[in-house]
Amino acid sequence: MQINTHTPITSPIIVAVDKHDLPSALALADSLDPNLCRLKVGKELFTACGRDVVDAFHERGFQVFLDLKFHDIPNTTAQAVLAAADMGVWMVNVHASIGSDAMALCKARLNDGGYDTLLIAVTVLTSMTQDVLGELGVQGTLDEHVMRLAGLTHRAGLDGVVCSAKEASLLKSTFGQAFKLITPGIRLPDDDKDDQKRICTPKEALDNGSDYLVIGRSITQADEPRQKLTKILQTI
């Protein structure tokens, strides 16, 4: 078992490593500074590279958000969360739609093991709209569904949620400062929106109450990623 001893960094930025292979991912990591950001490993990169990419990022001094959005029966989900914690990741996530009992089990297993890995839940993906929720048969507005799932997450004792910055102010005022808000869909004013619908600039997101900002293409596709990262930090 690996007990995590993460040293906090002050930067709120998590860089989404949107690469397809280990050499490209490591080249990006080597162009950044672990004192200025954390790194996010998502489904595509992890499926392609497995634990090797997480270990390599750790060796370079980066804290890692393992963004696999686990969604399964309670015991399977909890064991997957523990497997992530055993890798020493800083943060891991599940879908809030697994329910409060399953989320509570995941958190209990982490606590019983003495891990300090943060466990957060996904409410509504930032690519989803009201029309999409309607297709799925979800009753009420998008904001109401986000609040419903965030409430389940809070009651289950998780550390926070992934959310759009558009919902951050309401979530923070409802669930308190200790409940962490991790916001994707961050774009600078001159960036393409791509497939994200509910987006904000870095400063807008932080002003709304977001604690951590997940930023991908704005940094990873820049000619000088470290310069772009520094520029973003200067704006906030």
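Every value quoted in this text rests on a predicted model; they were computed, and no experiment measured them.

Criteria and cut-off values
- Residues numbered from 1 in each chain as written.
- Predicted model: local features only at pLDDT ≥ 70, side-chain atom pairs only at ≥ 80, totals over all residues.
- Heavy atoms only, no water.
- Helix = DSSP H or I, 4+ residues; strand = E, 2+ residues; numbered from the N terminus.
- Buried < 20%, exposed > 50% of the residue type's maximum accessible area, 1.4 Å probe, protein only.
- Contact = heavy atoms within 4.5 Å.
- Areas by Shrake-Rupley, 256 points an atom, 1.4 Å probe, with all protein chains shown as cover.
- Lys, Arg positive; Asp, Glu negative; His and termini not counted.
- Charge placed at Lys NZ, Arg CZ, Asp CG, Glu CD.
- Core = buried A, V, L, I, M, F, W, Y, C linked by side-chain atoms within 4.5 Å.
- Phe/Tyr/Trp six-rings, centres within 6.5 Å; stacked < 30°, edge-to-face > 60°.
- Lys NZ or Arg CZ within 6 Å of the ring centre and 35° of its normal.
- UniProt positions renumbered as here; feature names shortened; annotations may be inferred.
- Polar contact = N/O pair within 3.5 Å; in protein donor to acceptor, adjacent residues only side chain to side chain.
- Pairing = 2+ DSSP bridges.
- Right-handed = clockwise from strand over helix to strand, strands pointing away.
- Salt bridge = Lys/Arg side-chain N within 4 Å of Asp/Glu carboxyl O.

Here the focus is the overall build of the chain. A tally of helices and strands in the chain yields 11 helices and eight strands. Dimensions of the chain along its principal axes, counting C-alpha atoms only, are 45 × 45 × 30 Å. Put simply, the chain has 236 residues, and 53% of those count as buried. Within the chain, residue pairs in contact and separated by at least 24 positions form 71% of the contacts whose partners lie at least 6 positions apart. Only carbon and sulfur atoms are counted for the fraction: they give 50% of the accessible area of the chain, which is about 10600 Å². Mean positive and mean negative side-chain charge positions of the chain (23 and 30 charges, respectively) differ by 3 Å.

Within the largest apolar cluster, 67 residues are counted, with the highest numbers of intra-cluster contacts made by Leu32, Leu39, Phe57, Leu66, Val94 and Leu171. Core analysis: the next-biggest nonpolar cluster, separate from the first, contains 12 residues, Ile14, Ala16, Val122 and Tyr212 among them.

Under the criterion given, the structure shown has two aromatic pairs. When the centroid spacing of 5.1 Å and the interplanar angle of 80° are considered together, the rings of Trp90 and Tyr212 count as edge-to-face. Residue Trp90 is located in the loop between α4 (74–86) and β4 (91–95), and its partner Tyr212 is located in strand β8 (residues 212–215); the two are separated by 122 residues in the primary sequence. Both residues of the pair, Trp90 and Tyr212, count as buried. Taking the ring centre of Trp90 as reference, the NZ or CZ of Arg38 above it sits at 4.2 Å.

Here the focus is the UniProt feature "active site" (unreviewed entry) in the chain. When the UniProt feature table is mapped onto this chain, "active site" (unreviewed entry) is found at Asp67, Lys69 and Asp72. In this structure, Lys69 sits in strand β3 (residues 64–70). In this structure, Lys69 is in contact with Lys43, Asn93, Val94, His95, Val122 and Leu125, ignoring residues within four places of it in sequence. At 3.0 Å, the side chain of Lys69 forms a polar contact with the side chain of Asp67. With respect to the secondary-structure elements, Asp72 resides in the loop between β3 and α4. The class for Asp72 is partly exposed, based on a relative accessible area of 44%. Filtering out sequence-adjacent residues up to four positions away, Asp72 remains in contact with Thr77 and Ile98.

In this section: the pairing of strand β2 (residues 38–42). Remark: a regular strand shows side chains that alternate across the two faces of the sheet. In terms of residue burial, β2 counts as a mostly covered element, since five of its five residues are buried. Two strands pair when backbone bridges link them, and strand β1 (residues 13–16) and β2 are joined in this way by three bridges, in the parallel orientation. Across the sheet, the residue bridging to Val15 is Leu39, located in β2. For the crossover that starts at β1, traverses helix α1 (residues 22–30) and ends in the parallel β2, the hand is right-handed.

A word on the side chain of Thr183. By the element assignment, Thr183 lies in strand β7 (residues 180–183). Residue Thr183 is classed as buried on the basis of its relative accessible area of 0%. Of the polar contacts made by the side chain of Thr183, one reaches the side chain of Ser210; its length is 2.6 Å. Ignoring any residue separated from it by four or fewer positions in sequence, one finds Thr183 in contact with Cys163, Ser164, Ala165, Ser210, Tyr212, Leu213 and Val214.

Okay, the pattern of salt bridges next. One pass over the full model with this rule turns up seven salt bridges. The closest approach of N and O atoms between Asp67 and Lys40, which form a salt bridge, is 2.9 Å. With a gap of 27 residues between them, Asp67 in strand β3 and Lys40 in strand β2 connect regions that are remote in the sequence. Its relative accessible area of 6% is what places Asp67 among the buried residues. Relative accessible area serves as the criterion here: at 14%, Lys40 is assigned to the buried category. Close ionic contact of Asp159 with Lys107 constitutes a salt bridge, the shortest N to O distance being 2.9 Å. Here Asp159, found in the loop between α7 (142–155) and β6 (160–162), pairs with Lys107, found in helix α5 (residues 100–113); they are 52 residues apart in sequence, far enough to count as distant.

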